[in-house]
Amino acid sequence: MRFNVMDLETTGFSSTNDKIIEVAAVKFEHGKEIARISFLINPEVEISQRITEVNNITNAMVKDKPLIQHVMNEVAQFCGDDLVIGHNLIGFDKKFIDFTTNTHSTDAPTGLVFCSLEMAKQAISKYDIMNYKLGTLLEYFKIPVEKKSLHRAVADCHYNGLLVYKLLEKLNIKSVEELDKRFKGMKFVQPAAQKTLF
């Protein structure tokens, strides 16, 4: 099964009021990473010290970087129509991507979208784990992690991809069809779909 893992770093939690400051996608096949893409993004707003403390992304790092609408087409092309999986992707990252597509008419990946957080909740009883954060799940499955690298988009994608293989094995899911039947994959908003509304 081939899939992409996507992750964003942002200035906050609101997809309409906050901005993307990093986007990454890592492609996996046959149990290993085969390609990756990542961009730091100029959010055109100040990054707070609180956010910098989480992901170590500073205002100076993004000052001369591209705007999100200038890189999303490349990210979408990288992902293509392969699956896109992320940790809390549907509850968080997808909202930012959909807002970007709606606002700037950028392309978005066309494959089915799944959430590794929801997969983990079905794979592991809440009585057997403290929480379902990415770091906690990596510890649960004894996946070696360079702790300082977490909360950067491309590193989170890499480790989440390794986690996804563990979750698929634990859930005994071996195909896209089985995954979709169990978790009902969603889709990113597509620019062509919006135009039919007007």
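Placed above this text is the structure.
The shown structure was predicted, so the numbers you read here are calculated from the model rather than taken from an experiment. Residue numbers here run from 1 along each chain, matching the order of that chain's written sequence. Note on the predicted model: pLDDT of at least 70 is required for a residue's local features to be given, and 80 or more for side-chain atom pairs to be given and counted; whole-chain, interface and lining totals, by contrast, use all residues. Each side-chain value is derived from all of the structure's non-hydrogen atoms; neither hydrogens nor water enter the calculation.

Draft legend 1. Region of the structure containing the overall build of the chain. Check the secondary structure of the chain and you find nine helices and five strands. Its C-alpha atoms give the chain a radius of gyration of 16 Å, near enough to 16 Å, the size a compact globule of 198 residues would have. Over its C-alpha atoms, taken along the principal directions, the chain stretches across nearly 45 × 40 × 30 Å. Only protein chains enter the accessibility calculation, which uses a 1.4 Å probe; a residue whose area is less than 20% of its type maximum is buried, one above 50% is exposed, and one in between is partly exposed. For the chain, the proportion of its 198 residues judged to be buried stands at 49%. Note on areas: Shrake-Rupley, 1.4 Å probe, and residue coverage restricted to the protein chains presented here. Carbon and sulfur atoms form 51% of the exposed surface of the chain, whose accessible area is close to 10400 Å². Both charge centroids of the chain, one from 25 positive and one from 25 negative side chains, sit 4 Å from each other. Starting at the N terminus, helices and strands are each numbered in turn, a helix being any DSSP run of H or I of at least four residues and a strand any DSSP run of E of at least two. This radius of gyration counts C-alpha atoms alone. The globule rule is 2.2 Å times how many residues there are, raised to the power 0.38. As used throughout, the charge tally considers Lys and Arg to be positive and Asp and Glu to be negative, leaving His and the chain termini uncounted. A charge is said to be at NZ when it belongs to Lys, at CZ for Arg, at CG for Asp and at CD for Glu.

Draft legend 2. Geometry of the sheet that holds strand S4 (residues 83-86). Strand order in the open sheet made by the five strands is S3-S2-S1-S4-S5, with mixed pairing throughout. The open sheet has two edge strands with one neighbour each: strand S3 (32-40) and strand S5 (113-115). Neighbour-to-neighbour, the strand axes of the sheet open up by a mean angle of 25°, direction not taken into account. Alignment of strand S1 (residues 3-10) against strand S2 (residues 20-29), held across eight bridges, turns out to be antiparallel. Bridge assignment links Leu8 to a residue of S2, and that residue is Val23. Note on definitions: a residue-residue contact is assigned when non-hydrogen atoms from the two residues lie within 4.5 Å. Interaxial angle, 0 to 180 degrees, is taken between N-to-C directions of lines fitted to C-alpha atoms, where a helix line uses only the stretch in contact. Its contacts with the sheet put helix H7 (residues 153-171) on S1, S2, S3 and S4, and the angle it makes with S2 is roughly 35°. For two strands to be treated as a pair, DSSP must find at least two bridges joining them.

Draft legend 3. Fine view of unusual backbone geometry. Positive phi, close to 60°, is recorded for Asn56, a residue that is not glycine. Note on placement: Asn56 falls in the loop between helix H1 (49-55) and helix H2 (59-62). We classify Asn56 as partly exposed; its relative accessible area is 48%. The phi torsion at Asn172 lies on the positive side, around 60°, for a residue other than glycine. Along the chain, the position of Asn172 falls in the loop between H7 and helix H8 (176-183).

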